[in-house]
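# Structural features, examined
Next come the chains, spelled out residue by residue.
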Amino acid sequence: MKSIQKQLKLLGVIVAVSLLALFSITALIMVYLPKLSLEVAKMYTAEAHMRVPVLIQSELAMGLFLVICLLGLNVLRLVVKGEMYSNASAKTLLFIALCFLGIGILQLVFIFYIRSQVGGSITNIYSALIAFGCVAAAALFTLFNRLTVQGMHYKQDSELTI
């Protein structure tokens, strides 16, 4: 049992470092994106009117991703502490699912906006893939939420039996 706990802590450290790296990279992109957006608008003046709506959508999506990273660290903390089957864990997993769904919806809105402004953009393909991936991630985290709730009930039933 101690071997499993050591492995869990080691995996927890690896996942935590990965989430912190993703958080840092995303935060840096969020900081530099407005300047980059302005430079691109100067080069492509015909599409410059799209700069602000695209920037807002991008910043919102990345903000939701930052929230997902922080919530992931909280779930990881609960797992390492042995509190995976708790109400806090179930709520956090559901909120992660909602954040992924939010990013997916933002991507779909982005696709329609780009389509109304520019015909045949490769950006729509990337946005569709991101939207599909985010909806799939939302479904997966909803499943994790349901499994956690079910595990809470099993845990409660076994404690009542003892």
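Look up: the structure comes first, before these words.
Residues numbered from 1 in each chain as written. Predicted model: local features only at pLDDT ≥ 70, side-chain atom pairs only at ≥ 80, totals over all residues. Heavy atoms only, no water.

## Some words on the overall build of the protein
This is how it is decided: In this description a helix means any DSSP run of H or I spanning at least four residues, a strand means any run of E spanning at least two, and both kinds are numbered starting from the N terminus. Here the globule rule reads 2.2 Å times residues to the power 0.38, and the radius of gyration is calculated from C-alpha atoms. To sort residues, take the accessible area from a 1.4 Å probe on protein chains only and compare it with the maximum for the residue type: under 20% means buried, over 50% means exposed, and anything in between is partly exposed. Only heavy atoms matter for contacts: two residues are in contact if any of them lie within 4.5 Å across the pair. Here the Shrake-Rupley method, with its probe set to 1.4 Å, supplies the accessible areas, and only the displayed protein chains count as covering residues. Working convention for charge: Lys and Arg count positive, Asp and Glu count negative, and His plus the chain ends are omitted. Here the site of a charge means atom NZ of a Lys, CZ of an Arg, CG of an Asp or CD of a Glu.
Of regular secondary structure, the protein possesses four helices and zero strands. The N-to-C order of helical and strand elements in the protein reads α-α-α-α. Relative to the compact-globule value of 15 Å for 162 residues, the protein shows a C-alpha radius of gyration of 20 Å, a clear excess of over 25%. By principal-axis analysis of the C-alpha atoms, the protein measures approximately 70 × 25 × 20 Å. Looking at the 162 residues of the protein, the share that counts as buried comes to 31%. Long-range pairs, those at least 24 residues apart, make up 76% of the contacts in the protein with a sequence separation of at least 6. Entry remark: accessible area of the protein is about 10,600 Å², with carbon and sulfur atoms responsible for 74%. Charge centroids of the protein, computed over 12 positive and 6 negative side chains, lie 6 Å from each other.

## A word on the nonpolar core
What counts, and what does not: Here, nonpolar core means buried Ala, Val, Leu, Ile, Met, Phe, Trp, Tyr and Cys residues that are tied together by side-chain atoms lying within 4.5 Å of each other.
Membership of the largest hydrophobic core comes to 13 residues, with the highest contact counts inside it found for Ala61, Ile68, Val75, Ile96, Phe100, Ile103 and Cys134. Sorting the residues of this core by element identifies helix H2 (51-80), helix H3 (87-117) and helix H4 (123-161) as the ones contributing at least two each. A total of six residues in this core trace back to one element, the largest contributor, which is H3. When residues no more than four places from it in sequence are discounted, the contact partners of Ile103 are Ala61, Leu64, Phe65, Ile68 and Cys134.

## Overview of the packing of H2 against H3
Spelled out, the test is: Fitted lines through C-alpha atoms give the axes, limited to the stretch in contact for helices. The angle between two N-to-C directions lies from 0 to 180 degrees. For classification purposes, angles smaller than 35 degrees are called roughly parallel, those larger than 145 roughly antiparallel, those between 65 and 115 roughly perpendicular, and all remaining angles oblique. Crossing handedness follows the turn of the near helix against the far one: under a right angle anticlockwise gives a left-handed crossing, and clockwise gives a right-handed one. Classification used: nonpolar for Ala, Val, Leu, Ile, Met, Phe, Trp, Tyr, Cys and Pro, charged for Asp, Glu, Lys and Arg, polar for all others including Gly.
Where H2 meets H3, the closest approach of the two axes is 9 Å, and the angle between their N-to-C directions is 165°. One element, H2, and the other, H3, form an angle in the roughly antiparallel class. H3 is crossed by H2, and the crossing has left-handed handedness. Split into classes, the residues belonging to the contact of H2 with H3 amount to 22 nonpolar, seven polar and no charged.

## A look at the environment of Gly104
Here Gly104 lies in helix H3. Taking the C-alpha atoms as reference, Gly104 lies 9.2 Å from Ala136; in sequence the two are 32 residues apart.

## A few points about the packing of aromatic side chains
Stated formally: For this analysis, a ring pair means two rings from Phe, Tyr or Trp (six-membered ring only for Trp) whose centres lie within 6.5 Å, classed as stacked if their planes differ by under 30 degrees, edge-to-face if by over 60, and tilted for the remaining angles.
According to the stated counting rule, one finds two aromatic pairs in the structure shown. Both rings, one in Phe100 and one in Phe141, keep their centres 5.7 Å apart while their planes meet at 20°; by these two values the pair is stacked. Within this pair, whereas Phe100 is found in helix H3, its partner Phe141 is found in helix H4, the two being separated by 41 residues in sequence. Look at Phe141 and Phe144: their rings are 5.6 Å apart centre to centre, the planes differ by 85°, and that puts the pair in the edge-to-face class.

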